[in-house]
Structure formats: C-alpha cells, structure tokens
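Listed below are the residues making up each chain.
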Amino acid sequence: KELLGICREYITGLRLELLRRTLGADEKVRACELAAYFTHCNLQPAHMILALRSAMNISWKAKLKRSAAAFARRLLELNPKPEFAQTARKVIQACESDLTDDFTMAYDERNPFVVCNKSFVPIYRGSEIAYSSFCRAPYLPKFKGAVCEVDGIGQVGGEGTGFSEVDADGKFLS
C-alpha cells in the first residue's frame, strides 16, 4: 500500500509537469498554477527540491514575487546544494522590497489541498472528494464513475477494497 501511495504521488506530479510543458506562452497563469500544485505532491526531498526550483523560477519569470519568495523559502528548508540555496536567497532578497504578484492564481499555499487528477485543480480540506477505488487518487465529485486517470483500473467514487497483499497461499495479509 505504501508503494502504491508513492507511485500515485509521483504519477500525479509528473502528469502536472507534462501538462504544464504543453501550455503555450499565453497560458502563463495556468502554467504557474500547475508548477505550484506540483510542489504539493508528496515527493522525496531531492525531487521536491527540483519541483520547488521549477516553481520558483516560473513564478519569478511571471513576476509573481510573493509566490517566488514563498517557493524559495520552502526550498531553503530542504537544505539544497549550495548553488540552489544561493539562487533561492537571491530570489528572496530581490522580492523582499515588493512582495506582490502581478496576477492571482487559483492557489492558496496555506490551505492544505490535494489535486484533482482529472481537472488538475486543488481540492481544499473540508471539500467533498471522490477517490479511485484502487489507488485512492483524489477527484472532484463530478468525476464519479469515471476510470481513474492515475491507475487506469479503479473507478472514481467506486466501492472497492483497493490494493490488498496476498501471501503464497492466497490469504489476505492486511
């Protein structure tokens, strides 16, 4: 089950990143949102550093100074390589005088959320969520009945036992 959860997080993160890379220059708001959502996937620290660097750089280029500084601070908390830390400190220093964003994203870093695996929008804590019956990937309730985009097996909002381990004799272990 732990491995399934890790795979779910990485698949979600990579799908976010691949979608972001397909966007045109005229879709910079959505590109910034997707980069920000990627930083909320549960990744290993080395991979989270890469996601945070990307989000910091994308936010900086889009003149989202408050957001860029926030990603830079989160990056520094992970003790990155010296050159990454130096860049993050420069971003924070450059942004301190004017902590504003040129536009508003559909993203609230202080409000915990999961990402819908169909629409790629945040589902904030307290909102209704439909889960894949196999991998437990989160979806907005309007996608109930669809096949899970992450595992291709489970039904969104469907009833199921999910992944169960079986021993050599065919008995369930958990």
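Cut-off values and rules
- Residues numbered from 1 in each chain as written.
- Predicted model: local features only at pLDDT ≥ 70, side-chain atom pairs only at ≥ 80, totals over all residues.
- Heavy atoms only, no water.
- Helix = DSSP H or I, 4+ residues; strand = E, 2+ residues; numbered from the N terminus.
- Buried < 20%, exposed > 50% of the residue type's maximum accessible area, 1.4 Å probe, protein only.
- Polar contact = N/O pair within 3.5 Å; in protein donor to acceptor, adjacent residues only side chain to side chain.
- Contact = heavy atoms within 4.5 Å.
- Disulfide = S-S within 2.5 Å.
- Expected span 1.5 Å × (residues − 1).
- Arc of directions from axis to C-beta.

(A) Highlighting the side chain of Thr-39. In this structure, Thr-39 sits in the loop between α2 (28-38) and α3 (45-61). When its relative accessible area of 1% is taken as the criterion, Thr-39 is described as buried. For Thr-39, the side chain forms a polar contact with the main-chain oxygen of Ala-36, separated by 2.6 Å. Not counting residues up to four positions away in its chain, the partners in contact with Thr-39 are Met-48, Ala-51, Leu-52, Ala-55, Phe-71, Arg-74 and Tyr-107.

(B) View of the state of the cysteines. For the structure shown, the criterion picks out zero disulfides. Left without a disulfide partner, Cys-148 is nearest to the cysteine sulfur of Cys-135, which lies 3.8 Å away. Under the relative-accessibility criterion, Cys-148 is labelled buried at 3%.

(C) The arrangement of helix α5 (residues 82-95) in detail. If you check α5, its first and last C-alpha atoms are 20 Å apart, about what 14 residues at 1.5 Å a residue would give, namely 20 Å. Along α5, the residues that are buried comprise Phe-84, Ala-85, Ala-88, Val-91, Ile-92 and Cys-95. Angularly, the buried residues of α5 cover 120° about the axis, an arc narrow enough to put them on a single face. Opposite the packed face of α5, turned more than 90 degrees from it, sit the exposed residues Pro-82, Arg-89, Lys-90 and Gln-93. The inward-facing, buried residues of α5 contact α3 and α4 (65-77).

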